[in-house]
Amino acid sequence: MSRAAADWRRFLTGRYAAFRTLAISDAVAVSLGGDSLSIPLVTTLGASPALATLIGLLPFLGGMLQALTPTALRRSGGNLRRLTLQIASLGLLRPLLYLGVVIAIAAEALPPLAGIFLIAIGFSFGATAQAIAGANVQTWFGRILPERERRFVAPRALAVQFGLGSILLVPVALMVRVGEADLGVLIYAPAFVGALIASLAFIVALRGLPSPGAVRPARPHAATNLSEPVRRFIRTNTISAVGAGFAPYLSVYAIVVLHQSAAYAILLSAIGSAAALIGAILIGNWLEHGSASRLYRASLIASGLSMASSVFAGPWNPYAPLVLLIVVVFITLSFAARMLSAQERLLRLALPDEVVQAQSTFGSINAGALAVGQGAGVAVLALLPVTYPTYVGIFLITGALRLVAAATADVGEGWGTATRIHHGDTLATEPALESQR
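These numbers come from a predicted model, not from an experiment. (Residues numbered from 1 in each chain as written. Predicted model: local features only at pLDDT ≥ 70, side-chain atom pairs only at ≥ 80, totals over all residues. Heavy atoms only, no water.)

It is worth spelling out the environment of Glu108 at this point. Assignment of secondary structure puts Glu108 in the loop between helix H7 (93–106) and helix H8 (112–144). Looking at Glu108, the relative accessible area reads 73%, which means it is exposed. Along the backbone, Glu108 and Gly412 are 304 residues apart, and their C-alpha atoms lie at a distance of 59 Å. (Helix = DSSP H or I, 4+ residues; strand = E, 2+ residues; numbered from the N terminus. Buried < 20%, exposed > 50% of the residue type's maximum accessible area, 1.4 Å probe, protein only.)

Okay, structure coming up:
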């Protein structure tokens, strides 16, 4: 435990300033501009559960554009830095649109339906840009950091991104709870201003990273040309992603079925993020030396069982709001573990000349699978009565798909196994950044 604390102190001080700023600014932008606020907002503006879920589907469709990253890199002469900065700049559209919408609605210059439409546009563009830029940043890390140093920095940076939202969402939930009756949707404005500032800080932090040099993908081909371990991992993750996409927004479920307030829906995300913060800190530290494959499979099992447990948070249960909070804690913990381990697993499996292709293929197929799952969820909520029994079916199916994915996952020899298949020589040398101490 003392070593873990020492490693985190090392990451949070000194020469890792650019990586810390990048992670923190991204965490703030996602927390204040992501679905934790936008989905409860559109629901309170009058969006049906099916429409709210459809809005959540849009970024997944946009995320399929990650397949074009290798082509974009070749056309830009391999300039990963410029491409990532351009994509990240598109993310500014999200908080700007959100801010304009709540101000216009508060001034009665914009009807709620038009506001929902504009929020959907901002959410789509912003979340898509965030996903593609994030994948590019992971490739960037791999270019500027030796393997041991990447293993130290990347999981901890991701842990900060996944967990830091808890610090922000709790006061935001309280702010909405206290001020919504008097200010209406205008109470969201300070959060969206914060998201805009954080998005700008993210771009500034990107500019401060060392240049990754020219990144020219060596294989401008389809996913079938990836190495077999990478293809197997992507297939397993596809099953998991379909299940994750089919999962409903629990914030919408809380508002529509349990008749809770928007503040409670935001609090759900805040509590989940608090659990993710603690879990991600431990996971990010452990992944430096531990098995990403075993953690990935365990996260699938945990998320499947947690999602299925949502059936106990029914309107028949007087403690349903408390049960839902507990379920969200476990779901978010498993989500953080799955995201951290999946990214690390992919980078450990990829051949040196297929990293960019593997990242882009993984991202686009993952987004497509999420879109398929969420599209099915939209259809179910649009065609069937929006009642507890309908949600029970959704909870059980999405949980079962995670368990099926877990059954197909390849794992290493043990929990302490952390070999990189194709870069053992790099692991045997001291990292360049370490020698600068």
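The rest of the description comes next.
Checked against the element boundaries, Pro95 lands in helix H7. Separated by 61 residues in sequence, Pro95 and Gly34 place their C-alpha atoms 9.2 Å apart.

It is worth spelling out the pattern of salt bridges at this point. The tally for this structure, following the rule as stated, stands at 5 salt bridges. The closest approach of N and O atoms between Arg232 and Glu228, which form a salt bridge, is 3.7 Å. Of this pair, Arg232 and Glu228 are both found in helix H12 (residues 228–246), 4 residues apart, which corresponds to roughly one turn of the helix. Given a relative accessible area of 30%, Glu228 falls into the partly exposed group. Here Asp410 ties to Arg232 by a salt bridge, and the two come within 2.7 Å at their closest N and O atoms. Here the residue Asp410 occupies a position in the loop between helix H18 (388–408) and helix H19 (424–427), and Arg232 occupies one in helix H12, the gap between them amounting to 178 residues. Accessibility expressed as a relative area gives 35% for Asp410, which makes it partly exposed. (Salt bridge = Lys/Arg side-chain N within 4 Å of Asp/Glu carboxyl O.)

Moving on to helix H6 (residues 80–90). Restricting attention to buried positions, one finds in H6 the residues Leu80, Leu83, Thr84, Leu85, Ile87 and Ala88. Against helix H5 (69–75), H8 and helix H11 (189–208) lie the buried residues of H6. (Contact = heavy atoms within 4.5 Å.)

Below, the discussion takes up the packing of aromatic side chains. With the rule as written, the count across this model stands at 9 aromatic pairs. When the ring of Phe19 is compared with that of Phe141, the centres are 5.2 Å apart and the planes differ by 70°; the resulting orientation is edge-to-face. One end of the pair, Phe19, is in helix H2 (residues 17–33); the other, Phe141, is in helix H8, and 122 residues separate them in sequence. Of the two residues examined, Phe19 and Phe141, each falls in the buried class. Between Tyr391 and Phe395, the aromatic rings sit 6.0 Å apart at their centres with planes inclined by 40°, giving tilted as the arrangement. Within this pair, Tyr391 and its partner Phe395 are both found in helix H18, separated by 4 residues, close to a single helical turn. The pair formed by Tyr391 and Phe395 is uniform in burial state, with each residue classed as buried. What links up through ring pairs into an aromatic cluster is the set Tyr16, Phe19 and Phe141. (Phe/Tyr/Trp six-rings, centres within 6.5 Å; stacked < 30°, edge-to-face > 60°.)

So, on to the confidence of the model for the protein chain. Put simply, the protein chain has an average pLDDT of 81, and 90% of its residues get 70 or more. Ranking the elements of the protein chain by mean pLDDT puts H19 last with 39 and H18 first with 94. Low confidence marks residues 421–437, where pLDDT is under 50. Its contacts with residues over four positions away, or in another chain, come to 29 contacts. (pLDDT = per-residue confidence, 0-100.)

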